[in-house]
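Understanding the architecture of this molecule
Letter by letter, the chains look like this.
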Amino acid sequence: NRYPQSRMGVEQIMRDAFQAAREYENRKRSAGIGALVRRDLQLDALLEIVNGQRLIHCHSYQQSEILMLMRLAEEFGFTIHTFTHILEGYKVAREMAEHGAMASSFSDWWAYKFEVYDAIPENPAIMHDQGVVVSVNSDDAEMARRLNQEAGKSIPYGGVSDEEAIRFVTINAAKQMKVDHRTGSLEVGKDADVVVWNGHPLSSMSRVERTYVDGRLLFSRDLDEQLRKRDQKLRRDLEQQALAAKN
């Protein structure tokens, strides 16, 4: 029972909010230095968006909503930084590239609710081919641990090269989070977060051998095996002590 109750209403309520932020900015400017204008934290945040100081990651699905928000942003002079989920991004990939938006998509989820009936597994590849910076994501905790395999799906589905597919979960994701100056690729001066696999990093048959974070060894399969043996021995010893104490 609350406004908005339609897609047109959603657009209008956002336009009203951004317009209020502009008017708020004009009031502060016209008041002059030292004048008191009641501070509004919500309008401060909206004003940062309008002025390009706060980057937008927008949850999205259908092409009409994606186009609407890009046009609304252009009306107020800012850019949508990244569209997430964006399962109909393939329909508006050219417009997204022209706008300057990036995209973080599911790899092959579709038809689980009305908004994703038109989703296709070629979606990340099509957006990539149109010049959009693409990454892949997942809402599922277990699948999020294997985003390398999710990125690999774009190779058979969309004909993306191995090198470009791995960028979907490394440097492209870092660009979308604005941390590509620190991570996302193997370069001098970056954080040295590195995973060493025993096979192709996009293959479901490969396993992690070593993991480094900030250049420090965080996981080693050889060391892990030694620690497992240590813990098994410790457990056996504790069990025997518990039995002896009981007796």
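The structure we're discussing is the one just above.
Below is a short write-up of the structure. As the structure is a computational prediction, the values presented were derived from the model and not from experiment. (Residues numbered from 1 in each chain as written. Predicted model: local features only at pLDDT ≥ 70, side-chain atom pairs only at ≥ 80, totals over all residues. Heavy atoms only, no water.)

As paired strands, strand β5 (residues 194-197) and strand β6 (residues 208-213) are joined by four bridges and run antiparallel to one another. The partner of Trp197 across the bridge, within β6, is Val208. Pairing geometry for β6 and strand β7 (residues 216-220), over four bridges, is antiparallel. The partner of Arg210 across the bridge, within β7, is Ser220. (Pairing = 2+ DSSP bridges. Helix = DSSP H or I, 4+ residues; strand = E, 2+ residues; numbered from the N terminus.)

If a probe as big as a water molecule is rolled over the atoms, it shows which places are left empty. Approximately 1100 Å³ is the volume found for the largest pocket. Residue lining of the largest pocket: 34 residues in total, with Asn148, Val169, Thr170, Val195 and Trp197 positioned closest to the centre. At the level of elements, α7 (147-152), α9 (162-167), α10 (171-176), β5 and β6 are the ones that each hand at least two residues to the lining of the largest pocket. When grouped by side-chain class, the residues that make up the lining of the largest pocket number 17 nonpolar, nine polar and eight charged. Each pocket or cavity is described by its volume, and for the second largest pocket that value is around 250 Å³. Looking at the second largest pocket, it is lined by 14 residues, and the ones nearest its centre are Val10, Met14, Glu65, Ile66 and Met68. Looking at the lining of the second largest pocket, the elements that each hand over two or more residues are α1 (7-31), β1 (57-60) and α3 (63-76). Its residues placed into classes, the lining of the second largest pocket shows eight nonpolar, three polar and three charged. (1 Å grid on protein atoms, 1.4 Å probe; cavity = no way out; pocket = protein on both sides within 12 Å on 5 of 7 lines; lining within 4 Å. Points joined across faces, edges and corners; volume = space filled by probe spheres on them. Nonpolar A, V, L, I, M, F, W, Y, C, P; charged D, E, K, R; others polar.)

With that out of the way, let us pick up the sheet that holds β1. Ordered in space as β1-β2-β3-β4, the four strands form an open sheet in which the pairing is parallel. What marks the edges here is a single partner per strand, and that holds for β1 and β4 (134-136). Ignoring which end each strand starts from, the neighbouring axes of this sheet average 25° apart. Summarising the sheet, strand β2 (residues 82-85) and strand β3 (residues 102-105) pair through four bridges and their orientation is parallel. Pairing of Thr84 across the sheet is with Ser104, part of β3. (Axes fitted to C-alpha atoms, helices over the stretch in contact; angles between N-to-C directions.)

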